[in-house]
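# Close look at the chain arrangement
Here is what each chain is made of, one letter per residue.
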Amino acid sequence: MAFPSRLLTVLVCAVVLAGCKAKADGSGDAALTSTAAVASQSVGSKQGGDDAPPAEKTGGFDGKRAFAQVAKQVGFGPRPSGSAAIGQLQEYIQNELTSYGCKVDTDSFTADTPVGRLLMKNIVANVLGDKPGIIILATHYDTKLMQNFVGADDAGSSTGVMLELARLLCSKRGAYQVWITFFDGEEAMKEWSDADSRYGSRQMAAKMGMSGDIPKIKAFLLADIVGTRPPRFKRESDSTNWLVDLVWGTAKRLGYGDVFLDKSLEVSDDHDPFLKRKVPCVDVIDLENYPGGNLYYWHTPEDTLDKVSARSLAITGHVFLESVKQLQSK
Ligand SMILES: [Zn+2]
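Residues numbered from 1 in each chain as written. Predicted model: local features only at pLDDT ≥ 70, side-chain atom pairs only at ≥ 80, totals over all residues. Heavy atoms only, no water.

## As for helix H6 (residues 241–253)
End to end, H6 covers 18 Å across 13 residues, agreeing with the expected 18 Å (1.5 Å per residue, within 8%). Every buried residue belonging to H6 is among Leu243, Val244, Leu246, Val247, Trp248, Thr250 and Ala251, and all of these are buried. Where H6 is buried, its residues contact strand S6 (217–224), strand S7 (233–236), strand S8 (260–265), strand S10 (281–285) and helix H8 (310–328). Phi turns positive, to about 95°, at glycine 255, one or two residues after H6. (Helix = DSSP H or I, 4+ residues; strand = E, 2+ residues; numbered from the N terminus. Expected span 1.5 Å × (residues − 1). Buried < 20%, exposed > 50% of the residue type's maximum accessible area, 1.4 Å probe, protein only. Contact = heavy atoms within 4.5 Å.)

## Considerations on unusual backbone geometry
Alanine 155 follows aspartate 154 through a cis peptide bond whose omega is 15°. With respect to the helices and strands, alanine 155 occurs in helix H4 (residues 152–169). The residue after arginine 229, namely proline 230, is reached through a cis peptide bond having omega -15°. Looking at the secondary structure, you find proline 230 in the loop between S6 and S7. Phi is positive for lysine 278, close to 70°, though the residue is something other than glycine. Here lysine 278 lies in the loop between helix H7 (272–275) and S10.

## Describing the state of the cysteines
Inspection of every chain in the model, using the stated rule, returns 1 disulfide. Here cysteine 102 pairs with cysteine 170 through a disulfide, and the sulfurs are 2.0 Å apart. As the torsion about the S-S bond is roughly 100°, the cysteine 102-cysteine 170 disulfide counts as right-handed. Of this pair, cysteine 102 sits in the loop between helix H3 (84–99) and strand S2 (103–113) while cysteine 170 sits in the loop between H4 and strand S5 (177–183); the two residues are 68 residues apart in sequence, bridging distant segments of the chain. A residue is classified by how much of its surface remains accessible, and cysteine 102, at 8% relative accessible area, is buried. (Disulfide = S-S within 2.5 Å.)

## Concerning the environment of glutamine 69
Along the chain, glutamine 69 falls in helix H2 (residues 63–75). Put simply, glutamine 69 and threonine 159 are 90 residues apart on the chain and 7.9 Å apart in space, counted from C-alpha to C-alpha. Polar side-chain contacts of glutamine 69 include one of 3.1 Å to the side chain of tyrosine 100. (Polar contact = N/O pair within 3.5 Å; in protein donor to acceptor, adjacent residues only side chain to side chain.)

## What about the packing of H6 against H8?
Relative to each other, H6 and H8 sit at 120°, their axes nearing to 9 Å. The angle between H6 and H8 places the two elements in the oblique class. Read as a crossing pair, H6 and H8 show a hand that is right-handed. Facing Trp242, Leu243, Leu246, Val247, Thr250, Ala251 and Arg253 of H6, the residues of H8 in contact are Val319, Glu322, Ser323, Gln326 and Leu327. A per-class count over the contact of H6 with H8 returns 7 nonpolar, 3 polar and 2 charged. (Axes fitted to C-alpha atoms, helices over the stretch in contact; angles between N-to-C directions. Parallel < 35°, antiparallel > 145°, perpendicular 65-115°, else oblique. Left-handed = near helix turned anticlockwise from the far one by under 90°. Nonpolar A, V, L, I, M, F, W, Y, C, P; charged D, E, K, R; others polar.)

## Some words on the pattern of salt bridges
What the rule picks out here adds up to 15 salt bridges. One network of salt bridges, in which partners are shared, links Arg65, Glu164 and Arg167. (Salt bridge = Lys/Arg side-chain N within 4 Å of Asp/Glu carboxyl O.)

## Focus on the packing of aromatic side chains
Applying the stated criterion across every chain, the model contains 7 aromatic pairs. For the pair tryptophan 248 and phenylalanine 260, a centre-to-centre distance of 4.9 Å together with 80° between the ring planes defines the contact as edge-to-face. Of the two residues, tryptophan 248 is situated in helix H6 and phenylalanine 260 in strand S8; the sequence distance between them amounts to 12 residues. Given the relative accessible area of 1%, tryptophan 248 is considered buried. Taken together, the aromatic side chains of Phe183, Phe220 and Phe274 make up a single cluster linked through ring pairs. (Phe/Tyr/Trp six-rings, centres within 6.5 Å; stacked < 30°, edge-to-face > 60°.)

## Details of the packing of H2 against H8
Close contact between H2 and H8 brings their axes to 8 Å; oriented N to C, the two are set at 115°. Taken together, H2 and H8 sit at an angle that is classed as roughly perpendicular. Judged by the twist between their axes, the crossing of H2 over H8 is right-handed. In contact with Gly63, Ala66, Phe67 and Val70 of H2, H8 contributes Ala310, Leu313 and Ala314. Taken together, the residues of the contact of H2 with H8 sort by class into 6 nonpolar, 1 polar and no charged.

## Quick word on the pairing of S10
Here S10 lies mainly inside the structure; 5 of its 5 residues are buried. With burial as the criterion, each face of S10 is covered, one bearing Cys281, Asp283 and Ile285 and the other bearing Val282 and Val284. For S6 and S10, the ladder comprises 5 bridges, and the chain directions are parallel. Of the residues in S10, the one forming a bridge with leucine 222 is aspartate 283. (Pairing = 2+ DSSP bridges.)

## Brief notes about the side chain of threonine 113
Within the secondary structure, threonine 113 sits in strand S2. A relative accessible area of 11% means that threonine 113 is categorised as buried.

Take a look at the structure:
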């Protein structure tokens, strides 16, 4: 994920899209259940997704399922762009989305990076709509190139949230299309810069710019590092005010005023290539979870499954679901 802007900044990327038709969920249940079981055995009960509120309290969003999706990803091991493990994850994400009835589009592209030319892939689940206009929900799914880094929170958490959102949304045609987007190559291969980072989001934004689709984007909602315990999201200061207000207002209405704080934070992330093209964006990210400093396990091998809270995933998912409802009625 992401970089606190006061340390640095950047950008790159690809596309995909997808549409969906209604289909009952459940195809991935067996695999997920066994993953959840393994997860709870390996990290203990309190930290194995057991802190998830019942799904009916979070708009149908199942925090336990989202947590199991994080555990599944961690099970693939380190997943940097171009690795065999990320290839397995790509296949898994596509299979999951298809099992939910999503129309899945992929964009495979090559990126020239400081460690050589890498094959990358953006994956999009496209929920059909009745009116012109696209709402994008996004995450990255690659993990930082670092030994023993399994990226449970970065980017397992937000990828788990987006998979669960796809399970709920792919069967629901709305006013506008919803593109649930999984970016490759957010992480820098060496040092975060405009040229080395955000390969997937740069690719997609550039492609949508060329196709003329950029003006159709009503809103771009990004999640990144959302499994923190407890979560404390700050208003990302480069993001678009009305959209931040909409998401934060929704969160407060749902009773999450102690999670979505009225403090600000500046972060470079996958929303930047879209912000540059005047797309309304918001980035929900927790990078300053501890007083006076960054998240202590960020970009270290300590970013393991025990750091991820199913309750945090559920809160994030609930707020995204309700924010999409708001946007659909605008
Ligand atoms: Zn990161």
